[in-house]
Each structure stands twice: as structure tokens, then as C-alpha cells.
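Take a look at the letters that make up each chain.
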Amino acid sequence: MKNKSKKNEALERQLAALLGDPTTADSSEVESLYEEFGTSADLVQMAYEQAAQTAQRYRLAGKAVPPHVQAALAQTKAANTLEGVPTSKLGEIVDWALKPFRGPTETLAFSHHRLTHNSEKDKRLLKQLADEVKENWAEEDEVGRR
Amino acid sequence: MPHISPRNPESVDWRILTKRVYWAALRLVGHTNRVVDCGISSAEDLVAEAMTEFFDSPNGLSWDGTEDGLVRLLCGVLRNKFLDHLRRDGKVHPDSEGAMAGLVSKEAAPDDQAACKVVEARLIEAVRGHPKERELEDFIVAASCITETGMVDKQMADLLDISVNEVRNRRKMLLRIASIQQIGISLVGRTA
């Protein structure tokens, strides 16, 4: 068996060089490729649902849920708060938010990232939008205080 | 710090892990809109199938509890699922010793160097007429020349005298053109 896998070594290397190696590539390359070739499906949610179904089957059978399913369930559950989120993840969120949007845009909020020259009209519109956002935040703060 | 084991697995970054596994599927099938097995299985389906097998196994297919181990495990399961689909599709005989079976299944390894040459020739044919044909051809040939298993991008960059980023760009170009399935079907379909 060991001999056979050794036999494939050059082929595996060639394939890794040509199409990349998903098992060892750094996360920036994984993200970059996924940005271009990724699917619209939420793969983490898919993993969560599959783990949940498996866990349910075990519970219905009155058996303990295996550790790998338990761990996956806990780690893939969608978070709705940033409490306890690691700094690396927070950094990613900030980077993502600051990254210019390159796709086709309809709203000025996205389009302004791509502007190479701001005319007076653009500046006026951006200021107006920024003021609106601030007003909304102020209102929300007031509602929150009440 | 508690010892990592199958009963006490490490914390896995599922967001990156699922993307890695999806990339492994993409290498085999091709773009998101490509399918195998008479059109019933896409790259996304393969990821789902691999995960189902992992979760359904009482011991997680003997997962060692590490994130790296899980990536390798899921990629291996995915590769076998892909082979099953190809066999059902009638493109690969179960006992095939074809070059592509060797690529996707270690059990059926043909002569390593011969398979590399076939893959190289097929890919060069696939990029013919591409606006960046010359660069892609150099990239394909360089892939056969690397000697070490790790730091593949760095080796490619040194060989081609380009940056690591450029290596990744050329890889993207190649991924847009070809996947293992495409090369595999033409290889195995005619030679096995």
C-alpha cells in the first residue's frame, strides 16, 4: 500500500501545482478561489443541518450523540452575536467590510468605492447619505435608551 | 490544554474547512454549473455526500480529531464518491487502470511518470487557442518539474521566475478551463 501511494507521488505533486492543494493551501488562497468559483449555497449551514439530522436520529434511538457530531453541531451553529468571537474573526469582518465592492452596483453606497473622481454632485450625495445614516443611528440610540 | 483526540476534537474553522472541501470537489468536477453521473451530482452535492458519510459514521470515519485530519478525511471521501459517480456514469470501469483512475484513486495507480505526461499533454491541448496559451503552457510544463511535495507555489514561482500571486492567477485561469473530470473522461473513455 505504501509502495502504491509512493508511486503516485509525482502525479499528486503535479496535480497540486496545477489545480492547487486544498488540504495545505493557506486560507487567503482558499478564500480567493472561493470568491471566484464558490457556490451560493451556505456550506456551513449545510454541515449544521446534516449534523443536526444525524444527532436527532441518535436521540430518537435513545443513543448518545457521537463526539464528532456533537462538536460539529456546536461549531457550525449560526452565531447571532459577536460575543466570544475570536479577534481573528473580528479582523476578517472588518477587512471584508472595508474591501471595495467590485461587482455591478445599483446603490451609491457601494458605487462610491469605485469612484476615481468625486464631482461636487457626488460629494453632496455622499454627504446626504452619510447624514441619513447618522440620523437613523441617532434614532435607534434614542429608542434603545427608552 | 486538553489533549486532542476523536472524543475531544479540536475547534474546527468550518467556514474555511467547507471551502477547502468544496475546492477539492471543484478540482474533480469543474465549475459550479458542471455535473457528473448523468447530471445528478455537482461539486456542491459531492461536498454534501462526503459530509453525510462523515456524520453518519459512528466513529466519524476514524477521524483523529484535528482540523487538518478532517480536511484530508473529507477530501478522501469526496474523491471516492466522485469515482463512484464516474463508474455509475459508465465512464470508468470498476477495474480500470486508466491514468485518471490513478489520479483520483490511489488503489489503481498506473505508472506515475507516464500518467504525468498524459495529463500534461491533455492540458496543453485544452489550453490551445487561449489568449494566454504561452503562459499556461509554461505553467503546465513547470508542474511536472517540481520535486518537493511542500511549498508547491513557491517552487512553481521559482521555476517560472514569477511571483506566487502570478502562480495563483495562472491556476485560476487553468481552473476556468479544465478539471480532472474533463481530462479524465477523455483519457479513460478512450484508453481504458
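Residues numbered from 1 in each chain as written. Chains lettered and ligands numbered in written order. Predicted model: local features only at pLDDT ≥ 70, side-chain atom pairs only at ≥ 80, totals over all residues. Heavy atoms only, no water.

Asker: Break down the overall build of chain A for me, citing the residues and quoting the values.
Answerer: Looking only at helices and strands, chain A has eight helices and zero strands in total. Overall, chain A shows an N-to-C arrangement of helices and strands of α-α-α-α-α-α-α-α. With 146 residues in all, chain A has 25% of them scored as buried. Summarising the internal contacts of chain A: among those between residues at least 6 apart in sequence, 15% fall at separations of at least 24. Taken as a whole, chain A presents about 10,400 Å² of accessible surface, with 53% of it coming from carbon and sulfur. (Helix = DSSP H or I, 4+ residues; strand = E, 2+ residues; numbered from the N terminus. Buried < 20%, exposed > 50% of the residue type's maximum accessible area, 1.4 Å probe, protein only. Contact = heavy atoms within 4.5 Å. Areas by Shrake-Rupley, 256 points an atom, 1.4 Å probe, with all protein chains shown as cover.)

Asker: Can you tell me about the confidence of the model for chain B, naming the residues and giving the values?
Answerer: All names here are of chain B. Residues of chain B with pLDDT of at least 70 account for 73%, and the chain-wide mean is 79. Note on residues 93-99: pLDDT is under 50 here. Beyond four places in sequence and across chains, it has 14 contacts. The complex model carries a pTM of 0.71, and its ipTM stands at 0.77. (pLDDT = per-residue confidence, 0-100.)

Asker: Explain unusual backbone geometry residue by residue, including any values.
Answerer: Residue and element names in this part refer to chain B. The backbone phi angle of Leu-61 is positive, close to 55°, even though this residue is not glycine. Judged by its relative accessible area of 25%, Leu-61 falls in the partly exposed class. Of note, the phi angle at Met-151 is positive, near 50°, even though the residue is not glycine. Tracing the sequence through the fold places Met-151 in the loop between helix H6 (133-143) and helix H7 (152-160). What makes Met-151 exposed here is its relative accessible area of 64%.

Asker: Give me the environment of Pro-66 of chain A: which residues, what numbers.
Answerer: Note on placement: Pro-66 of chain A falls in the loop between helix H4 (43-60) and helix H5 (67-76). Sequence spacing of Pro-66 of chain A and Ala-55 of chain A is 11 residues, and the spatial spacing of their C-alpha atoms is 8.0 Å. Excluding its chain neighbours within four sequence positions, the residues that come into contact with Pro-66 of chain A are Tyr-58 of chain A together with Pro-58 of chain B.

Asker: Explain the nonpolar core to me, using residue names and the numbers behind them.
Answerer: Core analysis: the largest hydrophobic core is formed by 69 residues, its most contacted members being Leu-18 of chain A together with Trp-14, Leu-70, Leu-78, Met-156 and Leu-174 of chain B. For Trp-14 of chain B, the contacting residues outside a window of four places in its chain are Val-44, Ala-47, Ala-72, Gln-75 and Thr-76 of chain A together with Met-51, Phe-54, Phe-55 and Leu-70 of chain B. (Core = buried A, V, L, I, M, F, W, Y, C linked by side-chain atoms within 4.5 Å.)

Asker: Got a sec to walk through H4 of chain A? Specific residues and values, please.
Answerer: Compared with an ideal rise of 1.5 Å per residue, which puts 18 residues at 26 Å, H4 of chain A spans 26 Å between its outermost C-alpha atoms and is within 8% of the ideal. Within H4 of chain A, burial applies to Leu-43, Val-44, Met-46, Ala-47, Gln-50, Ala-51, Thr-54, Ala-55 and Tyr-58 of chain A. Axial view of H4 of chain A: buried residues confined to an arc of 170°, hence all on one face. Away from its buried face, by an angle of more than 90 degrees, H4 of chain A presents the exposed residues Arg-59 and Leu-60 of chain A. Among the structural elements, helix H3 (27-37) and H5 of chain A together with helix H1 (14-29) and helix H2 (43-56) of chain B are those in contact with the buried residues of H4 of chain A. N-cap assignment for H4 of chain A: the residue whose side-chain oxygen lies 3.2 Å from the backbone N of Val-44 of chain A is Asp-42 of chain A. Gly-62 of chain A lies just past H4 of chain A and shows a positive phi near 70°. (Expected span 1.5 Å × (residues − 1). Arc of directions from axis to C-beta. Polar contact = N/O pair within 3.5 Å; in protein donor to acceptor, adjacent residues only side chain to side chain.)

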